[in-house]
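Observations on the model geometry
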Amino acid sequence: MGPDEILKFSLADFTYNDSRDVLTPPGDFDTWADDPRISVAMSFFEQPLQEAPTPRTTLGHRLSGEQRPMINLTSYNYLGLSTHPEVVQAAVEALEVYGVGASGAAMLSGTFDQHEAFCEELAEFKGTGGCMLFPSGYAGNLGAIQALMQKGDVLVIDSKCHRSIVDGAKLAGARLATFEHNDPASLDQQLERFEGKRRMVVVEGVYSMDGDVADLPALLEVCEAHEVPLYLDEAHSTLVFGETGKGLSEHFGVEGRVGVHFGTLSKSFGGIGGFVCADERLIRYMKCYASPFQFSCALPPAVVAAMRKSLEVARRDETLRRRLWRNVERFRENLEVLNLDLGDSCSQVIPIIVGANGEELITMAMAAQERGLYLQPIDFPAVEAHARRFRISVSAQLTEADIDEACNVIEDVIARPLGRVGAA
Ligand SMILES: Cc1ncc(COP(=O)(O)O)c(C=O)c1O
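Conventions adopted
Residues numbered from 1 in each chain as written. Predicted model: local features only at pLDDT ≥ 70, side-chain atom pairs only at ≥ 80, totals over all residues. Heavy atoms only, no water. Helix = DSSP H or I, 4+ residues; strand = E, 2+ residues; numbered from the N terminus. Rg over C-alpha atoms; globule rule 2.2 N^0.38 Å. Buried < 20%, exposed > 50% of the residue type's maximum accessible area, 1.4 Å probe, protein only. Areas by Shrake-Rupley, 256 points an atom, 1.4 Å probe, with all protein chains shown as cover. Lys, Arg positive; Asp, Glu negative; His and termini not counted. Charge placed at Lys NZ, Arg CZ, Asp CG, Glu CD. Phe/Tyr/Trp six-rings, centres within 6.5 Å; stacked < 30°, edge-to-face > 60°. Domains from an automatic or database assignment. Contact = heavy atoms within 4.5 Å. Buried area = accessible area lost by both parts, 1.4 Å probe. Salt bridge = Lys/Arg side-chain N within 4 Å of Asp/Glu carboxyl O. Core = buried A, V, L, I, M, F, W, Y, C linked by side-chain atoms within 4.5 Å. Pairing = 2+ DSSP bridges. Near = heavy atom within 4 Å. Polar contact = N/O pair within 3.5 Å; in protein donor to acceptor, adjacent residues only side chain to side chain.

**Describing the overall build of the protein**
Check the secondary structure of the protein and you find 16 helices and 13 strands. Against the compact-globule benchmark of 22 Å for 424 residues, the protein has a radius of gyration of 22 Å, which places it among compact chains. Dimensions of the protein along its principal axes, counting C-alpha atoms only, are 55 × 50 × 50 Å. Residue burial in the protein is summarised as follows: out of 424 residues, 53% are buried. Accessible area of the protein: about 18,800 Å², with a carbon and sulfur share of 51%. Put simply, the protein has 38 plus and 61 minus side-chain charges, and the middle of one group is 2 Å from the middle of the other.

Here it is, written out as structure tokens:
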């Protein structure tokens, strides 16, 4: 691979390793990753935050080696619950009682009174008979899909579904079929194609790279016509959408028509863990066949105690959600004035789609960080090569001044270089 060719390659090109020794990465990968242009791009990965994931935080800036204050638009702490005083207090108090770890898998010694109480609270919140917890959201999708699907089944998923859903199908040995993003006609075709097979459809509430939402009423109609259940991943929509924060299913008033409600505790809840809510008998069955539930340590009880408090605070204090939506509106208004391409976003996840030029994306990201704005570039293959982007995670904790300052930087380092400012 010559220097001129380096930028023609991406992370999508090195999954096949042709070295004889499995412990030796592919030679081409090393050549590629050692190139200074790629090193700069990779420097955006794993930059260590020095403080809480709040809108004003300090970043260990990889390129300069300095610790820099930043406006942080990348964390999923949408409601600010990660640092909410009551949530932190609940964790501290539980740490004193339970210690740090669960020290066992949930089926054996890893279930504590905290886990049991939280499952009841989540099931009541989501309006289902049962609930089970997982060590992470990723593990939750993996385990739930593994438990529900088997060889010979077909998992029909939206083309933009998260990797954990794809990996769940692989673990289950089920066939994976995708339908065009949010397109009921395409879903209908795929269900038709696999008529006679056991099938399940998976969609997300809010799509994590685009910030658009599932057209649940139309998609459910298709599922019901084929008598196929819908599994709804509400990782980004729980506590954000719906009159009482139940999620997108509540927003559309279709909660009772969803077969499985998935959620994660790592986003609006401000912690870590995954949960699946469904019929009690189904949960009882799933617990016996979900490997990430059976063969991985349960969530620390102190984390569960904190997450119970997150749920309580989010249900009690509607102002958090209202403030989040006010901030989303202000962000959108500011960005629309800059004529930026925000895709079909209608949530707290707002992409700024820059286009096909990966070098330009990285140059902009560096300039933003130089100006104190922490905005992650999202490159191919995480998104399509023609639609590289930045992704803003709006937080209820942002002040109007934070948003305006962030948008001034975005105007200078993204909108102007793209020639958008003043464009019709
Ligand atoms: C749609 C979706 N599902 C599942 C997950 C996995 O959740 P976690 O990060 O809590 O493991 C994510 C994470 O980003 C996600 O966006």
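Text resumes after the structure shown.
**Concerning the packing of aromatic side chains**
Per the counting criterion, the structure on display carries 11 aromatic pairs. Taking the centre distance of 5.1 Å and the plane angle of 85 degrees together, the rings of phenylalanine 241 and tryptophan 325 count as edge-to-face. Highlighted residues: phenylalanine 241 in the loop between strand S7 (230–233) and helix H10 (248–251) and tryptophan 325 in helix H14 (residues 318–337), separated in sequence by 84 residues. Residue phenylalanine 241 is classed as buried on the basis of its relative accessible area, which comes to 6%. One aromatic cluster is present, built from ring pairs that chain together Phe9, Phe14, Phe29 and Trp32.

**Quick look at the domain arrangement of the protein**
Domain annotation of the protein identifies domain 1 (35–72 + 319–415) and domain 2 (83–316). Contacts between domain 1 and domain 2 engage 20 residues on the former and 20 residues on the latter. Both faces combined, the contact of domain 1 with domain 2 buries some 1,400 Å², and carbon together with sulfur accounts for 55% of it. Scanning the region where domain 1 abuts domain 2 turns up one salt bridge. Note that arginine 389 and aspartate 210 form a salt bridge whose closest N and O atoms lie 3.1 Å from each other.

**Overview of the pattern of salt bridges**
By the definition in use, this model includes 26 salt bridges. Of the charged contacts in the structure, one is a salt bridge between glutamate 405 and arginine 56, with a shortest N-O distance of 3.1 Å. Placement of the pair is glutamate 405 in helix H16 (residues 400–415) and arginine 56 in strand S1 (residues 56–61), with a sequence separation of 349 residues. Relative accessible area serves as the criterion here: at 37%, glutamate 405 is assigned to the partly exposed category. Note that arginine 416 is salt-bridged to glutamate 411, the shortest N-O span being 2.8 Å. Each of Glu86, Lys309, Glu312 and Arg316 takes part in a single network of salt bridges with overlapping partners.

**Describing the nonpolar core**
Across soluble globular proteins, nonpolar side chains show a tendency to be buried alongside one another. Among the nonpolar cores identified, the biggest contains 86 residues, and Phe331, Leu335, Ile410 and Ile414 are the most heavily contacted of them. Considering each element in turn, this core owes the most residues, eight residues, to H16. Two domains each put at least three residues into this core: domain 1 (35–72 + 319–415) and domain 2 (83–316). If sequence neighbours within four positions are ignored, isoleucine 414 has contacts with Leu340, Ile352, Val354, Met364, Leu375, Phe390 and Val409.

**A closer look at the environment of valine 206**
Position of valine 206 relative to the elements: it lies in the loop between strand S6 (199–204) and helix H9 (216–226). Given the relative accessible area of 1%, valine 206 is considered buried. Valine 206 sits 44 residues away from histidine 162 along the chain, and the two C-alpha atoms are 11 Å apart. Apart from the residues within four sequence positions on either side, valine 206 is in contact with Gly211, Asp212, Val213, His236, Ser237, Phe241, Ser347 and Val349.

**Description of the sheet that holds strand S11 (residues 373–374)**
With respect to topology, three strands assemble into an open sheet ordered S1-S2-S11, the strand pairing being mixed. The strands lining the two open edges of the sheet, one partner per strand, are S1 and S11. Direction of pairing for strand S2 (residues 66–72) relative to S11: parallel, over a ladder of two bridges. When the bridges of S11 are listed, asparagine 72 appears paired with tyrosine 374.

**Observations regarding the site of the ligand**
Neighbouring the ligand are 15 residues; Tyr138, Asp233, His236, Thr264 and Ser266 lie closest to it. A distance of 2.5 Å separates an oxygen atom of the ligand from a polar side-chain atom of threonine 264. The side chain of lysine 267 places a nitrogen or oxygen atom 2.8 Å from an oxygen atom of the ligand. Protein contacts shield 87% of the accessible area of the ligand, which totals 380 Å² for the unbound molecule.

**Some details on the side chain of histidine 61**
Structurally, the position occupied by histidine 61 is in strand S1. Histidine 61 sits in the buried class, given a relative accessible area of 3%. Here arginine 68 takes part through its side chain, which lies 3.5 Å from a polar atom of the side chain of histidine 61. In this structure the side chain of histidine 61 is engaged in a polar contact, spanning 3.2 Å, whose partner is the side chain of glutamine 369.

**Topic: unusual backbone geometry**
The residue after phenylalanine 380, namely proline 381, is reached through a cis peptide bond having omega 10 degrees. With respect to the helices, strands and loops of the structure, proline 381 is situated in the loop between strand S12 (377–378) and strand S13 (388–393). Backbone geometry at serine 103 places phi at a positive 60 degrees, although glycine is not the residue there. Residue classification places serine 103 among the exposed positions, given a relative accessible area of 67%. Positive phi is not limited to glycine here, since glutamate 227 has a value of about 55 degrees.

**Brief notes about the pairing of S13**
Counting buried residues in S13 gives six out of six residues, a clear majority hidden from the surface. Of the two faces of S13, the one carrying Arg388, Phe390 and Ile392 and the one carrying Arg389, Arg391 and Ser393 are both buried. Bridging between strand S10 (residues 349–355) and S13 involves six bridges; their strand directions are antiparallel. Within S13, the residue paired with valine 349 across the bridge is serine 393. Relative to S13, S12 runs antiparallel, the two sharing two bridges. Paired with proline 377 across the strands is phenylalanine 390, a residue of S13.

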